[in-house]
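# Residue-level structure breakdown
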Amino acid sequence: QVQLVESGGGLVQPGGSLRLSCAASGSIFSLIAMAWYRQAPGKQRELVAHITSGGRTNYADSVKGRFTISRDNAKNTVYLQMSSLNPKDTAVYYCKAERTVVSGTQYDYWGQGTQVTVSS
């Protein structure tokens, strides 16, 4: 089982920056792929950024060049560094862990989310 706790959300002005953190429990964090999703009111939850256990990353087109996902395996933590924020980035941001066992079955674990509001 994996438990996730997000932090770092809050109110930021347009053009500002914010860093989100997601701390994961467990002893095999280095083997787990991680991702950030977000969901705005009235909209579907969407993938923002993803990082594999090997460090390969990908991003939604809307955040490329502005957001960076990274991980610190020693701290069992994944980060989302957000820059050049605009009001369209306002959403609840969720951390997700993806664990694939030897059988090939994937298990997903979600945090409770942290609110990011971009407004002047």
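Structural data are supplied above this passage.
Computed from a predicted model, the values in this text were never measured in an experiment.

So, on to the sheet that holds strand S8 (residues 77–82). Across the sheet, which stays open at both edges, the 4 strands sit in the order S1-S3-S8-S7 with antiparallel pairing between neighbours. The sheet is open, and its two edges are formed by strand S1 (4–7) and strand S7 (67–72), each paired on a single side. The mean angle between the axes of side-by-side strands here comes to 15°, regardless of whether they run parallel or antiparallel. With 6 bridges connecting them, strand S3 (residues 18–24) and S8 associate as antiparallel partners. Its bridge partner lying in S8, Leu-18 is registered against Met-82.

The subject of this paragraph is the nonpolar core. Leu-4, Met-34, Trp-36, Leu-80, Met-82 and Tyr-93 are the most contacted members of the largest nonpolar core, which totals 30 residues. Tyr-93 has contacts with Glu-6, Leu-20, Trp-36, Tyr-37, Arg-38, Val-48, Phe-67, Leu-80, Met-82, Gly-113, Thr-114 and Val-116, leaving out every residue within four places of it along the chain.

To continue, consider the environment of Ser-103. Note on placement: Ser-103 falls in the loop between strand S9 (91–100) and strand S10 (106–110). At 3.2 Å, the side chain of Ser-103 forms a polar contact with the side chain of Thr-105.

Bringing the side chain of Arg-66 into the picture now. Its place among the elements puts Arg-66 in the loop between strand S6 (57–59) and S7. By relative accessible area, Arg-66 is classed as buried at 17%. Once you skip the residues sitting within four places of it in the chain, Arg-66 turns out to touch Gln-81, Met-82, Ser-83, Ser-84, Leu-85, Asn-86 and Asp-89.

This part is about the pairing of S8. In the case of a regular strand, side chains alternate between the two sheet surfaces. The element S8 is largely enclosed, with a buried count of 5 among its 6 residues. Counting the residues that bridge the hairpin from S7 to S8 gives 4 residues, and of these Asn-76 lies at a positive phi of roughly 50°.

Now for unusual backbone geometry. Even without a glycine there, the phi angle at Asn-76 is positive, about 50°. When you line up the elements, Asn-76 lands in the loop between S7 and S8. On the basis of relative accessibility, which here comes to 19%, the residue Asn-76 falls in the buried class. Phi angles above zero are rare outside glycine, and Ser-84 is one such case at about 50°. Tracing the sequence through the fold places Ser-84 in the loop between S8 and S9. Look at Ser-84 and you get partly exposed, because its relative accessible area is 45%.

What follows deals with the packing of aromatic side chains. Tallying each qualifying case throughout the model produces 2 aromatic pairs. Ring centres 6.5 Å apart and planes at 80° place the aromatic pair Tyr-94 and Trp-110 in the edge-to-face group. Here Tyr-94, found in strand S9, pairs with Trp-110, found in strand S10; they are 16 residues apart in sequence, far enough to count as distant. We classify Tyr-94 as buried; its relative accessible area is 13%. Among the aromatic side chains, those forming a connected cluster through ring pairs are Tyr-37, Tyr-94 and Trp-110.

How each quantity is defined
The numbers attached to residues start from 1 for each chain and follow its sequence in the written order. In keeping with the model being predicted, local features are shown solely for residues with a pLDDT of at least 70 and side-chain atom pairs are shown and tallied solely at 80 or more, while totals for entire chains, interfaces and linings include all residues. Values reported for side chains reflect all heavy atoms of the structure, with hydrogen atoms and water molecules removed beforehand. DSSP bridges decide pairing: two strands pair if at least two such bridges lie between them. Helix and strand definitions here come from DSSP, where helices need a minimum of 4 consecutive H or I residues and strands a minimum of 2 consecutive E residues; each element is numbered from the N-terminal end. To get an axis, a line is fitted to the C-alpha atoms, and for a helix only the part in contact is used. The angle between two axes follows their N-to-C directions and goes from 0 to 180 degrees. The set of buried Ala, Val, Leu, Ile, Met, Phe, Trp, Tyr and Cys residues whose side-chain atoms join them within 4.5 Å is what this entry labels a nonpolar core. The rule is simple: take the accessible area with a 1.4 Å probe, protein chains only, and divide by the maximum for that residue type; under 20% is buried, over 50% is exposed, in between is partly exposed. In what follows, residue pairs with any heavy atoms lying within 4.5 Å of each other are defined as contacts. In the analysis that follows, any N or O atom pair within 3.5 Å is treated as a polar contact, provided that within protein one partner can donate a hydrogen and the other can accept it, and provided that, for residues neighboring in sequence, both atoms belong to side chains. Note on aromatic contacts: the rings of Phe and Tyr and the six-membered ring of Trp form a pair at centre separations within 6.5 Å, being stacked when their planes are under 30 degrees apart, edge-to-face when over 60 apart, and tilted otherwise.

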